[in-house]
Structure formats: C-alpha cells, structure tokens
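The residues making up each chain are set out below.
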Amino acid sequence: MNRREFLKSTTAIAATSAVSAPAILSSASAQARNETLLVIREEGPNNFDIHGVGTNRPGYEVSWNCYDRLMSHGVKKTADGGETYDRDTFTPELAEEWTKGDMSMTFKLRKNATFHDGTPITAKDVKWSFDRAVTVGGFPTFQMKAGSLEKPEQFVAVDDYTFRVDFIRKDHLTVPDLAVVVPGVYHSELVKKNATEKDPWGLEYTKTNTPGGGAYKVTRFQAGTEVVYERHDNWKSGKLPAIKRIIWRVVPSAGNRRALIERGDADLSFDMPNKDFAELKQAGKLQMVSSPVGNAMWYLGMNCKNPPFNNVKVRQAVAYAIPYEKIMDAVMYGVANPLYGAKSNTVSNVSWPQPHGYSADIAKAKALLAEAGMSNGFETTLSFNLGEAVISEPLCILVQESLAQIGIKATINKITGANFRNELLKKELPMIVNVFGGWLDYPEYFFFWCYHGQNAVFNTMSYQDKAMDALIDGARKAAAEGDRAAYEKDVKGFIDKAFAEVPRIPLVQPYLNVAMQKNVAGYRYWFHRQLDYRTLTKA
Amino acid sequence: MLRQIGKRFATAIPSVIGVIIVTFLLTRVLPGDTAAYFAGPAATPQAIEEIRKTLGLDRPLPEQFVRYVKDLGRGDFGKSLTTGQPVITDIAQRLPASAELTLLGLIISILIAVPLGILAAVKQGSLIDHACRVVATAGVSLPVFFTGLILVYVFYFILGWSPAPLGRLDIYYSTPPHVTGFYLIDSLIAGDPGTFRAALSQLILPAVTLAIFSLAPITRMTRASMLAVLSSDFVRTARASGLSPRRVIVTYAFRNAMLPVVTTLGMVFSFLLGANVLVEKVFAWPGIGSYAIEALIASDFAPIQGFVLTMAILYVLLNLMIDMLYGVIDPRVRLEG
C-alpha cells in the first residue's frame, strides 16, 4: 500500500461510515416478556457454589435457587401485607417428612425428585453434600459448625430415601442451620466425575455449573454482566415456579437501575439504595417492598482493650453524643428501624435488635466525659469500610461533627473493602462504623459472635467480660434444653449488660429494598437477603 | 519491512519484562489482603490462613513470581477471584467490548473533530473557530460519567429513543457467534441485521459520550497543525499557482498536517481504552476498564496483572502501527529514521 492509496481508502471508509445513520430502536418481543423476568442488581456472582472459596453474596442467590435443601421455612404476612419467611416453621423441601429424636433427626426423601439431568436424588447425594460442606473449610464449614454440624460421621444414609443426622450435642440452632443456604444437595456422581486429584470435592466444576436439583438451573453466564436461568420443569420439591426464565443483569450504576425500573424495562430491582427507594415510593408508580433485615444493625464499635474506650464512662459519653435522628433522616432517608431512644436501658422482652435508652444529649455526654476525667476530650480515629461508603461515609461525618461538640476530635479513616476485614481481625481500630447481620435470627447467636469472650472477628470491640460470657452460654444452654424461663432471663440479662456497658452502640436496623413493576407478585423476604425466584409470578 | 517490525518488537521486549516485574511487585504491596477479603463474612484467622494456603499466597515472593512467570509462559494468566473465571477468558471476552466501543467513539470523534479543526484553521478567528474552541473546551471539561448520565437521562429516560443502558445487547437478543468479538462485525458475518441494529443502538450513547470527551485533543491538534502548514511556503506556492482552495487545503495542506494528528489519535485511543471505566460503569458495559477496577478493589492480583500486561502489549502494537502509518503518510519518515 502506498500513501496515496492509503489516503484514498481512509477517506472512503470515513465517507461510508458517515452514511449509515443509526436507527435507535428498542425492540423486544412481547411474548417472551411474560415468561421471562428481568432482574437488575448492582453485582453479579463470582461463584455459583456457596461451598466455594470466596463466593460473594450474589453467589448465594444462585446456590439458593439451584440446589434444594432438606427443609425450608414457612411463610408469614408482614404488617404491611408483604410476605416474609417464618423463622419458626419448617416446611418440606427435598425431605417429605422427618422425625426429630433426642440426639438425631431422620429425614424421608421424596421418591420422585430428580436432578436437572433426570438422575434420581438419593440419600447418598445428601450425605456426600453434607460431608462436603463440613470438610471443604472456609465459610460453609463455619456455618455448619454454627449448628453443631461438624463431622462427616454425623451424616448417615440409612437407605436410598432415608437420611439421618446425628447430633454431637444438643443445640437449638441445628434445625435452623439445616435450612440455610449451605446444606444444599449436589449431584454427587456428576461432581465426582468432574473432580480432580487436587480438587477432590469438585469445587472448580461447581463454580460455573449448577449440578443440583433445585427449581432453576443456570444456562448462560457472563461474569460481571448477566446470569440466565431456566426453570427445572420436573421440580418436585415444591410448587412449580411460574417464571420459566430469569435474566439477571448486572447494572453497576444506581442511577441507571432506577431509570430502568422507572421506565418499565426491568421487572425487579433488588437491593436499592435508600434514597432511590424513598423517592420512588413517594412517586407511587411501582410496588415498593422494604423489609427490616433480621438480626442486623449498623453500629459504632469502640475498642474496649485500649484507652480511652476501655473506660465505660467514655463509651457512654459517646453513646449520648451520637446524632441518632440526623442519621435516621439524612443517611437512612427514614428507611430503617431506630435502635435508640427507648425509655431505659433495661429491656422488657427478648426481641433483637431492639432500641437502647441512649439519645442525643450533649450535656449528659459532657458530664460523663468529665466524670471519666477527660473533660478536655481527646483525639482518635473513626474508621469505615469504603465498600459500604454510601451509608458509612455520611454517617461518619455526622458522628465526627457531633463528637467534636464534646471535645473528641475524630479523624475519619477510610479503609478499602479488601483491607477492612483484615483491619477488623487485628482489632486495633479505636472506633469503627460497621454493619453486621446474622442469618440465624436468634439473639444468643448474635451475642455469641459479637459480644462473647471467644473474641470472634465480629466482636470488633474486643469486648471481654466473664459475666457476659456466662449469660450468653446460659441462654444457649437453656435454648437447647427448651427451658424458656431461664432463656428469657439470660437473654434480657445480656441485652441489658450490652446496653449498660455499650462496647458497641446500635444505631439503626437496615432494610432490604426491592422495587417491582405492578404486575410482579410473590416476592418474599428471606434471612439470606437474596432473591428467591420460586415464588415470583408475573401477570 | 518485516525485519524492521521484528526489530521494533525486539526493543519492546525489555519493557514488557519490566511491566511484568513491576505489576507483580506493585500488586503485592497494595494495601488489602486477598485472603481476608475472600474468606467471606465469617472468617476466622484460621479460615483465612487456609485460604491463603489454597491461593499460594503463603509462599515467599520469589517463589510466587517464578510460578507466575511459568504460568504466563503457558499462556495462563491465572484466575480471577472476583469473576471466578480464568483471566485470559475474561480479557478475551471484555477486550473486544472495550475496543469496539472505543473505536466507534474514536471514529465519531474523528468525523467531527477533523473537519472542525480544519475549518477552524482555515477561517481562523471566525465564528466557527470560536465554536470549535467552545466545543473542545466543553467536551474535555465535562467528566465522562456526567455526559454519559445526561445522555442516558435525555435519550433513554425522557425521550425513550435509545434502548436501556444494559450493556452490549438488549436482553432479548442473543450474542452473535464469536468471530472477532466485535458484535457489529460478528452480526454482519452471521448475516443478522436485527442483532446488528440492536448492537449498534446499544453502542451509540456510550460511543458518543467517549467521542465528546475525545473531541478536544483531536480538534485542537488538527487546528494547530493545519495553521502551521497553511503558513508554510509550499502552500503559498500552491495558492500562487492558482490551485483551487479546496485542492490546496485537502490535498496539500491536510496531508502534511496529518502526522501530529495521527500521533494524537494513537494516544487518545490508548488513553480511552484504559480510561473509559466510567463510561463502562454508566452503561453497564462489560469492558476491560471496569474489570480492572473491580479487581483492584478486591485486591485480586491475577486480573490486575493480566490487565496491565495486556495494555502494555496493546500499547507496543499501537505504537508500532502508528510508526508504520507515518511511513505511509509521509515518505520522508521511515522506520529506520
């Protein structure tokens, strides 16, 4: 090619591309729309298998919908007419029925249930899947342990359709723990076929395949872009879902998610920011459902190991210096439950989370700080996770302003998501704003992880107190033995103690926000805070 | 010619090796602990240690590096923990998406910027010159995510002309069979005008957003370079010989003014390719920029290394191409020169 030819050809290309004027058209076939549900979310899964290493939360949603568990939860109505899972009832899923003995539980499996490829599901698969969950390590093993499910020997395939779990100790949380996302049932033969010597449990294979028998299976996946599911038409473990095809598109920009749902191009927008939710709710064109996240709270934690927060007076002073109302209005946009301003710090019931008796009172805060001998205040840092910046950042700024009024000079320390957990583990940060929620919605569960002297990562305050440990252990024991009176006494006891000594200051209980078109029905809130497609319908 | 290309490649090798070493070290000194991040919400120190071991992060750095280089040699860029896919698959999928968008944006930009720059130079100080200045300044000073959001708001939300900003294709179209990874080209190869139109309509807004941003450097460079050429002797001679103004400007002046414009184009292209993260975020575009950013947030080493390496290789290729273009445009410039 010489330069003359080159120049001519470039002019020619330029000329032709200028002519092809674009026709901007959005076309979609109406028929496909009725059987298809388009869900939009900020994030997509990085792994379809909750047993995998580092599976993110959206990945739990895939696991939940693509694998069956032995049992699931019933449903109950919420105050505003919506539906939520019922913590206290268990319904058959893969198991038709069960009997609970003193130290074991026996499940009868459905005889007609099959995996996506048509292979019958047997007790052997259940046993293999449970063995896998307690063996692979990391999150699944940890979660199983939370229900005293620890060793493969506990799981017995009695015959093809009978499965038994033996208890190693009495634990109130064993049954609920069998209905969380982790103990799903995997197609053991298929996974084994795809396992390697280095990866005996086939974790690589299940990363991007869903070898289960759940109501949906993934048929197309593009990381960070979309997940497409088809219904398992032969699903027997529940009522056959109405939606044949679920398309989950990842839309990172919150503004665009809002535009898409407002324009009617998306059917359901999951986990919306509070601001958009409050505004769309006011506009009234969409169905807006918001459910309080069970056993969860935004809180301010103070390091009890080191001065100045090892002094209970200082912690109480801070608790009186938090601008609770402002946080509720300006940060949460009113979409949250207040966890402050109760009549006193002594509670009358065992619900959790519930409000404490502190409220914004600068004079009292100053007095307490003076009592602690720090009337001149001090300097400290206030840290938060940048991954949760939408809420944490304005929250921290409000707290910072307010603390300045009682002489505490707090410097805000932003920590990237990748580093935050690492910092938490070190337990050196003097003051943090964080959010925590437990799947299993029981106060003693929350306290065991967040206040107990075992000092788990969630005890971000490094709070250690023998009396507190005794109360928590007492409540766990009472729950296992079914001793209601002792249970209530201990639970009230540890809540009162947590409020009086305030190592962490509960701020608000967050909500999970969902926007749907008016023709979508059947949405249900679940403890795992992911979307269950099985009950959804579209008119 | 081939030998010259080979020579150029040889000089690029040290820089690529440098890039490999530097990115490897840089990702290791990033704040953040991959194992702690991926150990999940319920990590005990012991669980994190287990994950660290599975990921091979407990090994000494030199050992990790040797393993990394060995894998590279086999074409294995490692695995992304954020997407769960091999990095090479991710990049192969996402690079064409970014490249298609960037190229179209650049073409739109050239179609507007080059004529505008020429006009501004020819009619220096006129209304069009001022207009050109305003357009360029506005384009470069509006942040891309802002322009993008405004365009989405007007053309999708208010007017409804444009399809939903949901990435490369409307959900009811399936991707054309993979040939080049460019949906426009692949759909044409597959003879599917419907998909072509769908892909194009998804592309227009983000491409225009990029074009607006890149107008400024191209317009200004065209104008400046044209001004210099227009005042040179050979143009005066051409004018004095009575050639038509069109001929003087297009055939003689513009051709000579092209060199610096091409250099700018190369720079703008490579810059856009890496820096259109924000546009990708706004339009849910599955491109390579947003991929790298997500990996960075999660301290996910393999994709970051893969991204930087891919970009480095692309820059080398791009520079080579531009150098060859010089030779084609201007016979005085030769590769060995």
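Everything quoted here is computed from the prediction, not taken from an experiment.

The rules behind each value
Sequence order sets the numbering: in each chain, residues are counted from 1 along the sequence as written. Note on labels: chains are lettered from A, ligands numbered from 1, in written order. Per-residue local features of the predicted model are confined to residues with pLDDT of at least 70, and side-chain atom pairs are confined, for both listing and counting, to 80 or more; whole-chain, interface and lining totals are unaffected and use all residues. Hydrogens are left out, water is left out, and the side-chain values use all remaining heavy atoms of the structure. Segments assigned H or I by DSSP are reported as helices when at least four residues long, segments assigned E as strands when at least two residues long, and all are numbered from the N terminus. Burial classes: relative accessible area under 20% of the type maximum marks a residue as buried, over 50% as exposed, and values in between as partly exposed (1.4 Å probe, protein chains only). Contacts are residue-level and defined by heavy atoms, with any inter-residue pair within 4.5 Å sufficient. Residue exposure ignores everything except the shown protein chains as possible cover, and the areas themselves are Shrake-Rupley values with a 1.4 Å probe. For this count, His and the chain ends are skipped, Lys and Arg are scored as positive, and Asp and Glu as negative. The atoms used to mark charge sites are NZ of Lys, CZ of Arg, CG of Asp and CD of Glu. In this setup the radius of gyration rests on C-alpha atoms only. A globule is expected at 2.2 Å times the number of residues raised to 0.38. Note on pairing: two strands pair once DSSP finds at least 2 bridges between them. Contacts described as polar in this section are N or O atom pairs within 3.5 Å, which, within protein, must combine one atom able to donate a hydrogen with one able to accept it, while residues neighboring in sequence count only if both atoms come from side chains. In summary, the pairing rule links any two rings of Phe, Tyr or Trp, Trp by its six-membered ring, whose centres are within 6.5 Å, and it sorts them by plane angle into stacked for under 30 degrees, edge-to-face for over 60 and tilted for everything else. When the NZ atom of lysine or the CZ atom of arginine is within 6 Å of a ring's centre and also within 35 degrees of its normal, the charge is said to sit over that ring. Note on method: axes are straight lines fitted to C-alpha atoms, helices fitted across the in-contact stretch only, with angles between N-to-C directions ranging 0 to 180 degrees. Just so you know how the angles are binned, under 35 degrees is roughly parallel, over 145 roughly antiparallel, 65 to 115 roughly perpendicular, and the rest oblique. For any helix crossing, the convention is left-handed if the near helix is rotated counterclockwise from the far helix by under a right angle, and right-handed if that rotation is clockwise. Under this grouping Gly is polar, as are all residues other than the nonpolar Ala, Val, Leu, Ile, Met, Phe, Trp, Tyr, Cys and Pro and the charged Asp, Glu, Lys and Arg. In what follows, salt bridge is the name for a side-chain nitrogen of Lys or Arg lying within 4 Å of a carboxyl oxygen of Asp or Glu. Patches here: salt-bridge-free residues with over 30% relative accessible area, like charges joined within 9 Å, nonpolar side chains (Val, Leu, Ile, Met, Phe, Trp, Tyr) joined within 5 Å.

So, about the overall build of chain B. From N to C terminus, chain B includes 14 helices and zero strands. Counting from the amino terminus, chain B carries its helices and strands in the arrangement α-α-α-α-α-α-α-α-α-α-α-α-α-α. For the C-alpha atoms alone, the extent of chain B along its principal axes is close to 85 × 55 × 40 Å. Taken over 337 residues, chain B has a buried fraction of 49%. Taking as baseline every contact in chain B between residues at least 6 positions apart, the subset at least 24 positions apart corresponds to 73%. If you sum the accessible surface of chain B, you get close to 15500 Å²; carbon and sulfur atoms cover 70% of it. Positive and negative side-chain charges in chain B, numbering 26 and 20 respectively, have mean positions lying 12 Å apart.

Quick look at the overall build of chain A now. Across its full length, chain A carries 18 helices and 21 strands. Relative to the compact-globule value of 24 Å for 539 residues, chain A shows a C-alpha radius of gyration of 26 Å, a close match. Summarising its shape, the C-alpha atoms of chain A cover approximately 80 × 75 × 50 Å along the three principal directions. By residue count, 57% of the 539 residues in chain A fall in the buried class.

Read across the open sheet, the three strands follow the order E2-E3-E20 (chain A); overall the sheet is mixed. Lying at the two open borders of the sheet, with one neighbouring strand each, are strand E2 (71-77) and strand E20 (524-525) of chain A.

Let us look at the side chain of Asp49(A). Residues and elements named next belong to chain A. One can find aspartate 49 in the loop between strand E1 (36-41) and helix H3 (57-66). On the accessibility criterion, aspartate 49 (0% relative accessible area) is buried. A polar atom in the side chain of aspartate 49 sits 2.5 Å from the side chain of tyrosine 186.

Tallying each qualifying case throughout the model produces 39 aromatic pairs over all chains. With 4.8 Å between their ring centres and 45° between their planes, Phe142(A) and Trp449(A) make a pair best called tilted. You can see Phe142(A) sitting in helix H5 (residues 138-145) and its partner Trp449(A) sitting in helix H16 (residues 443-450), a full 307 residues away along the chain. Take Phe142(A): its relative accessible area is 13%, and that puts it in the buried class. The aromatic ring of Tyr451(A) is capped on one face by Arg504(A), whose charged end is 5.5 Å from the ring centroid. Here the guanidinium or amino end of Arg168(B) rests over the ring plane of Tyr183(B), the centre of that ring lying 3.7 Å away.

Residue and element names in this part refer to chain A. Following the sequence through the fold, glutamine 530 ends up in the loop between E20 and strand E21 (537-538). In terms of polar contacts, glutamine 530 uses its side chain to reach the side chain of arginine 41, at 2.8 Å. Within polar-contact distance, the side chain of glutamine 530 engages the backbone oxygen of arginine 57 at 3.4 Å. Once residues within four sequence positions are removed from consideration, glutamine 530 is found in contact with Arg41, Arg57, Pro58, Tyr60, Glu61 and Phe270.

In this section: the packing of helix H5 (residues 87-122) of chain B against helix H6 (residues 127-141) of chain B. Residue and element names in this part refer to chain B. Two elements in contact, H5 and H6, have axes whose closest approach is 8 Å; the angle formed by their N-to-C orientations is 135°. The angle between H5 and H6 places the two elements in the oblique class. H5 and H6 meet at a crossing whose hand is left-handed. Across the interface between the two elements, Leu116, Leu119 and Ala120 of H5 pack against Ile128, Asp129 and Cys132 of H6. Each residue belonging to the contact of H5 with H6 can be placed in one class, and the counts come to five nonpolar, no polar and one charged.

This brings us to the pattern of salt bridges. Oppositely charged side chains may form a pair once their charged atoms are brought near each other. Residue and element names in this part refer to chain A. If you walk through the whole model with that rule in mind, you get 38 salt bridges over all chains. In this structure, arginine 164 engages aspartate 166 in a salt bridge whose closest nitrogen and oxygen atoms are separated by 2.9 Å. With a closest N to O distance of 3.1 Å, aspartate 276 and arginine 258 form a salt bridge. Of this pair, aspartate 276 sits in helix H10 (residues 274-283) while arginine 258 sits in helix H9 (residues 254-263), and the two are 18 residues apart along the sequence. For the pair aspartate 276 and arginine 258, one class covers both residues: buried. Shared partners join several salt bridges into a network, and the residues in it are Arg258, Glu262, Lys275, Asp276 and Glu279.

Let us now look at the sheet that holds strand E7 (residues 162-166) of chain A. All names here are of chain A. Ordered by their spatial adjacency, four strands build an open sheet running E4-E5-E7-E6, and the pairing between neighbours is antiparallel. Only two strands of the sheet have a single partner each, and these edge strands are strand E4 (95-100) and strand E6 (155-159). Sheet twist, expressed as the average angle between the axes of neighbouring strands with direction ignored, equals 20°. For strand E5 (residues 104-109) and E7, the ladder comprises five bridges, and the chain directions are antiparallel. Bridged to lysine 108 within E7 is threonine 162.

Before going further, it helps to spend a moment on a nonpolar patch on the surface. All names here are of chain B. A surface patch of nonpolar side chains, amounting to about 960 Å² of accessible area, comprises Leu142, Phe145, Phe146, Leu149, Ile150, Tyr153, Val154, Ile158, Leu159, Trp161 and Leu278. The element contributing the most residues to the nonpolar patch is helix H7 (residues 144-158), with seven residues. When you line up the elements, valine 154 lands in helix H7. By relative accessible area, valine 154 is classed as partly exposed at 31%.

So, on to the pairing of strand E10 (residues 245-250) of chain A. Side chains on a regular strand alternate between the two faces of the sheet. All names here are of chain A. Burial runs high along E10: five of the six residues are buried. Bridge count between E1 and E10: six bridges; the pairing is parallel. Within E10, the position partnered with leucine 38 by the bridge is isoleucine 247. Where strand E9 (residues 226-231) and E10 come together, five bridges link them in antiparallel fashion. Looking at the pairing, tyrosine 229 lines up with isoleucine 246 of E10.

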